[in-house]
Amino acid sequence: MSSVKLNPLQDKPVLDPPEKLRLLEQIQQWGKELGFSQIGVASVDLTHAEQGLINWLSEGFHGEMQYMQTHGLKRARPAELVPGTLSVITARMNYLPRNTSTVDGYWLTQELSRLERKDEGVVSVYARGRDYHKVMRQRLDRLAQKIQESVGRLGYRVFTDSAPVLEVELGVQSGLGWRGKHTLLLNRDSGSMFFLGEIYINLLLEPTPKQEAHCGTCNACLDVCPTGAITKPYVVDARKCISYLTIEHQGSIPLELRRKIGNHIYGCDDCQTVCPWNKYAQPTELEDFDVRDELIFGVKNFPKSDQLINRGGKLVDYFSWTEDEFDLNTRGTAIRRIGHERWLRNIAVAMGNALASYYSQNLSQSNIKNHLPLSNVEIGEIEQSLHGRLNHPSSLVVEHVKWALSQKDSVSQPAQTP
Ligand code: SF4
Ligand code: SF4
């Protein structure tokens, strides 16, 4: 959130209708030059969204995210959150890395196959490059400064992924897309793989037209969600969501959810990779979101030949990082925010799931039809790696490591794979 203050209401610039239109076109052009994929304008009236927000909070679906509750209805009232706000400029920025194979949605197949390789860890696509908070904020600030230079006396405040703002609702109101049943914003031309940001301004602009919703009878995101976090269309219980559990949640991961986390070690894209509209997701033009080898492959300078056969980061490689290596490998990325302790906690859960997967292989054929069998060597490395962390100073890490090792005993005898 930018610290720039809005000017008092009486200082607001006033434009006539043709000037407003010209300015909007100019803002959209500047937005394009700054790497944004689309710019819209929303009014500050979000009263229709208030009841849904009240219901969501009263159910406790925000979990430990107390900051969600702190701002209460101010989140749905931009002019109360930032007095003097008359319009909200909304922006979205595609984030699929520049080299993503988007032809026929090939990247979706690649992402789905990662989930089947249980000895690998999966980091959410958006987190594999530079921290988007920095990228978005800097560019939103530059856009706001350009508007200020153009109209003079503009008061503004910039937000991106910020708790006090109903970002998806503002995106819907300004025509950046429609709200999918997974609650994220969806766009016909770009799916849902983009970041959102807003500029609150004390300038009255005409809202840009809304888009129609196109989920129809599809329920793919609800059906695929591993933890049942999408409790009904358009409602997510964050306490069950893997993104929340692996990023926002600070303590022990609830036992009943650990097996459902699979090999997700930071975030979860399942409800997005299954969404038919993401066949149309677009790569970004910004090099900031280029993938860092160490985040997606677990090691620097990952061999190109292994990338071609679609190998990803091994859990044992991620788990071997010392605190210093974690700091170094995640510098400038969103992952750094969770710290080394939660990083190890998450990977321990994924390792426990790999053990459970391996040792249950001969329980029933249905257990292996959806994932690739692990070898004795791979499973031996995982067990050895877990044992190596049993003396970690963090009781949180040790508890998850013990749980992971116990998954071997929670199922039957090992399968005889080479
Ligand atoms: S991010 Fe994953 S866990 Fe969360 S709602 Fe989507 S599919 Fe479910
Ligand atoms: S998966 Fe289907 S229901 Fe879910 S957001 Fe996409 S189109 Fe909508």
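A brief look at the structure comes next. Source: prediction; values computed, not measured.

Concerning the nonpolar core
Then, number 1: With 102 residues, the main nonpolar core has I199, L315, I347, A348, M351 and L355 as its most contacted residues.
Then, number 2: In terms of residues, this core owes the most to one element, helix α16 (residues 339–359), which gives 12 residues.
Then, number 3: Both domains that furnish three or more residues to this core are identified here as domain 1 (9–104 + 126–201) and domain 2 (220–282 + 290–406).
Then, number 4: Excluding residues within four positions of it along the chain, L315 makes contact with D119, E120, G121, I347, A350, M351, A354 and I382.

Let's talk about the packing of α16 against helix α18 (residues 395–406)
Then, number 1: Relative to each other, α16 and α18 sit at 5°, their axes nearing to 8 Å. On the basis of the axis angle, α16 is roughly parallel to α18. Contact residues: α16 offers E341, L344, R345, A348, V349, M351, G352 and L355, while α18 offers L396, V397, H400, V401, W403 and A404.
Then, number 2: Tallied by class, residues from the contact of α16 with α18 come to 10 nonpolar, two polar and two charged.

Some thoughts on the site of ligand 2
Then, number 1: G180, C215, C218, C221 and C275 are the nearest of the 13 residues found near ligand 2.
Then, number 2: Grouping the amino acids of the shell around ligand 2 by side-chain chemistry returns nine nonpolar, three polar and one charged.
Then, number 3: Both domains that meet at the shell around ligand 2, namely domain 1 (9–104 + 126–201) and domain 2 (220–282 + 290–406), each give it at least three residues.

Cut-offs and rules
- Residues numbered from 1 in each chain as written.
- Chains lettered and ligands numbered in written order.
- Predicted model: local features only at pLDDT ≥ 70, side-chain atom pairs only at ≥ 80, totals over all residues.
- Core = buried A, V, L, I, M, F, W, Y, C linked by C-beta atoms within 7 Å.
- Buried ≥ 20, exposed ≤ 12 C-beta atoms within 10 Å, placed from the backbone.
- Helix = DSSP H or I, 4+ residues; strand = E, 2+ residues; numbered from the N terminus.
- Domains from an automatic or database assignment.
- Contact = placed C-beta atoms within 7 Å.
- Axes fitted to C-alpha atoms, helices over the stretch in contact; angles between N-to-C directions.
- Parallel < 35°, antiparallel > 145°, perpendicular 65-115°, else oblique.
- Nonpolar A, V, L, I, M, F, W, Y, C, P; charged D, E, K, R; others polar.
- Near = placed C-beta within 6 Å.

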